[in-house]
Amino acid sequence: MSSTFETVAGIISETCDIPREKITPESHAINDLGIDSLDFLDVAFAIDKAFGIKMPLEQWTQEVNDGKVSSDRYFVLKDLCDNIDALVAAKAA
Amino acid sequence: MRLEYFQMVDRITRLDTDARQIAADCQVPDESPIFEGHFPGHPIMPGVLMIETMAQTGGWLVLATLRFASMPFLAQVKEAKMRAFVAPGAALQAEAELLHDGSGYAVVKGRIASGGKTAAEAEVRYRVVPFPNETLRGQMLDTARRIGVPEAFFHAA
């Protein structure tokens, strides 16, 4: 988790020009950090590349739009990192 | 091409949504008021219209992939490169490959060739949203028929 978060925070800081110290595991990418969905696309692509995974953005977007889950599940960074770790583990399995 | 009407694609020559690829012919007109200003004594296609041509070519690929259920609007252009001058009368071949869809966005890699050489390339991103009205959807379907999008792509698979 911690190294995943460090990588993700670095990607967000660099991609969105946000000071690294403002990014915490509790940060909500949209509500707290002000990342819009277009910029988040770059973040997502960079995460995919860094971790060798493909985040199912379409499925996640659908779940949020359908009201099945809160956007916190995918946009609060500690939750996002949990999802990334799960995808990395699933790929290795 | 009818530059003044932003009709950049003349004819779809290849459309394969399984391979996520499209190709199209785009004939630059011999004359246009655009060339009077861009540039006097040295008429060339404006780079922004080359980008628009790639955006429209990729847009038809997105529309066909989605079976015209939603409309892609230009949201971002990355790494656009104009590699050669394109003069009036040039026969262009535009092509695009779909790199990403879903998530409310689509991403294509676009390219335009002239005389067998790359004239322009860019990564183009679209915000994909429901058609704002039936008028636009109807016009897009009419244009799709005119430029040769097969009827099979007009309806849900």
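Preceding this paragraph is the structure being described.
Criteria and cut-off values
Residues numbered from 1 in each chain as written. Chains lettered and ligands numbered in written order. Predicted model: local features only at pLDDT ≥ 70, side-chain atom pairs only at ≥ 80, totals over all residues. Heavy atoms only, no water. Contact = heavy atoms within 4.5 Å. Buried area = accessible area lost by both parts, 1.4 Å probe. Salt bridge = Lys/Arg side-chain N within 4 Å of Asp/Glu carboxyl O. Polar contact = N/O pair within 3.5 Å; in protein donor to acceptor, adjacent residues only side chain to side chain. Pairing = 2+ DSSP bridges. Helix = DSSP H or I, 4+ residues; strand = E, 2+ residues; numbered from the N terminus. Axes fitted to C-alpha atoms, helices over the stretch in contact; angles between N-to-C directions. Buried < 20%, exposed > 50% of the residue type's maximum accessible area, 1.4 Å probe, protein only. Phe/Tyr/Trp six-rings, centres within 6.5 Å; stacked < 30°, edge-to-face > 60°. Lys NZ or Arg CZ within 6 Å of the ring centre and 35° of its normal.

Caption draft 1: Examining the interface of chain B and chain A more closely. At the junction of the two partners, chain B supplies eleven residues and chain A supplies nine residues. Across the interface of chain B and chain A, roughly 860 Å² is buried in total on both sides, 59% from carbon and sulfur atoms. Considering only the surface of chain B that becomes buried against chain A, B:S103, B:Y105 and B:R125 emerge as the three largest contributors, covering 53% of it. Remark: the boundary between chain B and chain A carries two salt bridges. A salt bridge links A:D42 to B:R125; its shortest N-O distance comes to 2.7 Å. On the surface where chain B and chain A come into contact, there are four residue pairs in polar contact (both at pLDDT 80 or more).

Caption draft 2: Main features of the sheet that holds strand β1 (residues 11-16) of chain B. Residue and element names in this part refer to chain B. Strands sit in the order β1-β2-β4-β5-β6-β3 across an open sheet of six strands; the sheet is antiparallel. For this open sheet the edge positions go to β1 and β3 (70-82), each flanked by a neighbour on one side alone. Neighbour to neighbour, the strand axes of the sheet diverge by 20 degrees on average, direction disregarded. Pairing analysis gives eight bridges linking strand β4 (residues 91-100) to strand β5 (residues 105-114), with the strands arranged antiparallel. By the bridge assignment, E97 is partnered in β5 with K109. Seen against the sheet, helix α2 (residues 47-65) touches β1, β2 (21-27), β3, β4, β5 and β6 (117-130) and runs at an angle of roughly 50 degrees to β6.

Caption draft 3: Main features of the pattern of salt bridges. Throughout the structure, instances matching the rule amount to nine salt bridges over all chains. Linking B:R83 and B:E121 is a salt bridge whose minimum nitrogen-to-oxygen distance equals 2.4 Å. Note that B:R83 is positioned in the loop between β3 and β4 and B:E121 in strand β6, a separation of 38 residues in sequence. Judged by relative accessible area, which is 49%, B:R83 ranks as partly exposed. The salt bridge partner of B:E123 is B:R125, with a shortest N-O separation of 2.8 Å. Owing to a relative accessible area of 2%, B:R125 belongs among the buried residues under this scheme. When salt bridges that share partners are traced, they join A:D42, B:K78, B:E123 and B:R125 into one network.

Caption draft 4: Structural detail: the packing of aromatic side chains. This model, assessed by the stated rule, comprises four aromatic pairs over all chains. Between A:W60 and A:Y74, the ring centres sit 4.4 Å apart and the planes meet at 10 degrees, which makes this aromatic pair stacked. Within this pair, whereas A:W60 is found in helix α3 (residues 57-65), its partner A:Y74 is found in helix α4 (residues 72-75), the two being separated by 14 residues in sequence. Of the two residues, A:W60 and A:Y74, both sit in the buried class. For the pair B:F68 and B:F154, a centre-to-centre distance of 5.2 Å together with 80 degrees between the ring planes defines the contact as edge-to-face. Taken as a pair, B:F68 in the loop between α2 and β3 and B:F154 in the segment after α3 (134-147) lie far apart in primary sequence, 86 residues in all. Residue class for B:F68 comes out buried when judged on its relative accessible area of 0%. Under the relative-accessibility criterion, B:F154 is labelled buried at 4%. The rings of B:W60, B:F68 and B:F154 are connected pair by pair, giving a single aromatic cluster. In this structure, B:R2 is placed above the aromatic ring of B:Y5, and the distance from its NZ or CZ to the ring centre is 4.3 Å.

Shape descriptors only; they carry no functional weight alone.
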